[in-house]
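# Structural features, examined
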Amino acid sequence: MNTFDERRMQDLGLLFLRLSGALFLLWVHGLPKLLNYSTELSRIEDPFHLGAAPTLILAIFAEVLCPLLIMAGVLVRLACLPILFLLAVALLVVHPQWSLEEGQFGWLLLIVFTSVFIAGPGGLAINTRFAGVLRHA
């Protein structure tokens, strides 16, 4: 395999990682919160005492808007940050009693989005069309 083929395979791998991780987060956590806002408002944990509504809005931002940006390949690294913060808070603050087995989905998402944050979006992202620092955001 030549260098071009290897780079293309890496880009496809990063695209798959971005799409699958973002789609899982959006489908399993984001859309249910968005579509069942009233119900979720009474159920959401509020570890920083911001109030249920602001906490839910921040969770929806991290679980709906950020995955959409990541899937589109726009500001991918920046979009990973709220997700990583949300996952860390959920696993370490809200549910510290969870065993590894109970929190495995959260830990796997943390691994996926940390990988995307480190590696970047790859060549198959809208980010590549930006100039300067936005190209790497």
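Remember, predicted model here, so these are calculated numbers, not experimental data.

### Regarding the overall build of the protein
Helices and strands together make up the secondary structure of the protein, namely 5 helices and 0 strands. Seen in sequence order, the protein has helices and strands lined up from the N terminus as α-α-α-α-α. Along the longest, intermediate and shortest principal axes, the C-alpha atoms of the protein span 55 × 30 × 25 Å. With 137 residues in all, the protein has 33% of them scored as buried. Long-range pairs, those at least 24 residues apart, make up 65% of the contacts in the protein between residues at least 6 apart in sequence. With an accessible surface of roughly 8,200 Å², the protein has 71% of that area assigned to carbon and sulfur atoms. Of note, the protein has its 8 positive side-chain charges centred 14 Å away from the centre of its 9 negative side-chain charges.

### Things to note about the UniProt feature "transmembrane region" (unreviewed entry) in the protein
Mapped onto this numbering, the UniProt entry gives "transmembrane region" (unreviewed entry) at residues 12–30, 50–71, 78–98 and 104–126. Across residues 12–30 one finds 100% helix and 0% strand; the C-alpha atoms that close the span lie 25 Å apart. Here residues 78–98 is 81% helix and 0% strand, with 28 Å between the C-alpha atoms at its ends.

### Notes on unusual backbone geometry
You will see that histidine 49, though not glycine, has its phi angle at about 55 degrees, which is positive. Notably, leucine 75 is not glycine yet its phi reads approximately 50 degrees, a positive angle. With respect to the helices, strands and loops of the structure, leucine 75 is situated in the loop between α3 (52–72) and α4 (76–94).

### Quick look at the packing of aromatic side chains
Aromatic ring pairs are described here by two measures, namely the spacing of the ring centres and the angle between the planes. With the rule as written, the count across this model stands at 2 aromatic pairs. Taking 6.3 Å as the distance between ring centres and 75 degrees as the angle between the ring planes, the aromatic pair formed by phenylalanine 24 and phenylalanine 105 counts as edge-to-face. Highlighted residues: phenylalanine 24 in helix α1 (residues 3–35) and phenylalanine 105 in helix α5 (residues 104–119), separated in sequence by 81 residues. For phenylalanine 24, a relative accessible area of 48% puts it in the partly exposed group.

### Some points on the environment of leucine 58
Structurally, leucine 58 is set in helix α3. Classification of leucine 58 by relative accessible area gives partly exposed; the value is 49%. In sequence terms leucine 58 and glutamine 10 are 48 residues apart; their C-alpha atoms lie 32 Å from each other.

### Digging into the nonpolar core
Formed by 22 residues in total, the largest nonpolar core has its most connected members in Ile70, Cys80, Ile83, Leu87 and Phe113. Leaving out residues up to four positions away in the same chain, leucine 87 has contacts with Gly106, Leu109, Leu110 and Phe113.

### Section: the side chain of glutamate 40
Its location among the elements puts glutamate 40 in helix α2 (residues 37–43). Assessed through its relative accessible area of 12%, glutamate 40 is described here as buried. Non-local contacts of glutamate 40, meaning those with residues more than four positions away in its chain, are made with Pro32, Lys33 and Leu56.

### Topic: the environment of leucine 31
With respect to the helices and strands, leucine 31 occurs in helix α1. Sequence-wise, leucine 31 and leucine 86 are 55 residues apart; in three dimensions their C-alpha atoms are separated by 16 Å. Other than its neighbours up to four places away in sequence, leucine 31 contacts Leu26 and Val64.

### Points about the environment of arginine 135
The residue arginine 135 is located in the segment after α5 in this model. For the pair arginine 135 and leucine 75, spaced 60 residues apart in sequence, the C-alpha separation works out to 7.9 Å. If near-sequence neighbours (up to four positions away) are discounted, arginine 135 is found in contact with Asn127, Thr128 and Phe130.

Thresholds, definitions, all that
- Residues numbered from 1 in each chain as written.
- Predicted model: local features only at pLDDT ≥ 70, side-chain atom pairs only at ≥ 80, totals over all residues.
- Heavy atoms only, no water.
- Helix = DSSP H or I, 4+ residues; strand = E, 2+ residues; numbered from the N terminus.
- Buried < 20%, exposed > 50% of the residue type's maximum accessible area, 1.4 Å probe, protein only.
- Contact = heavy atoms within 4.5 Å.
- Areas by Shrake-Rupley, 256 points an atom, 1.4 Å probe, with all protein chains shown as cover.
- Lys, Arg positive; Asp, Glu negative; His and termini not counted.
- Charge placed at Lys NZ, Arg CZ, Asp CG, Glu CD.
- UniProt positions renumbered as here; feature names shortened; annotations may be inferred.
- Phe/Tyr/Trp six-rings, centres within 6.5 Å; stacked < 30°, edge-to-face > 60°.
- Core = buried A, V, L, I, M, F, W, Y, C linked by side-chain atoms within 4.5 Å.

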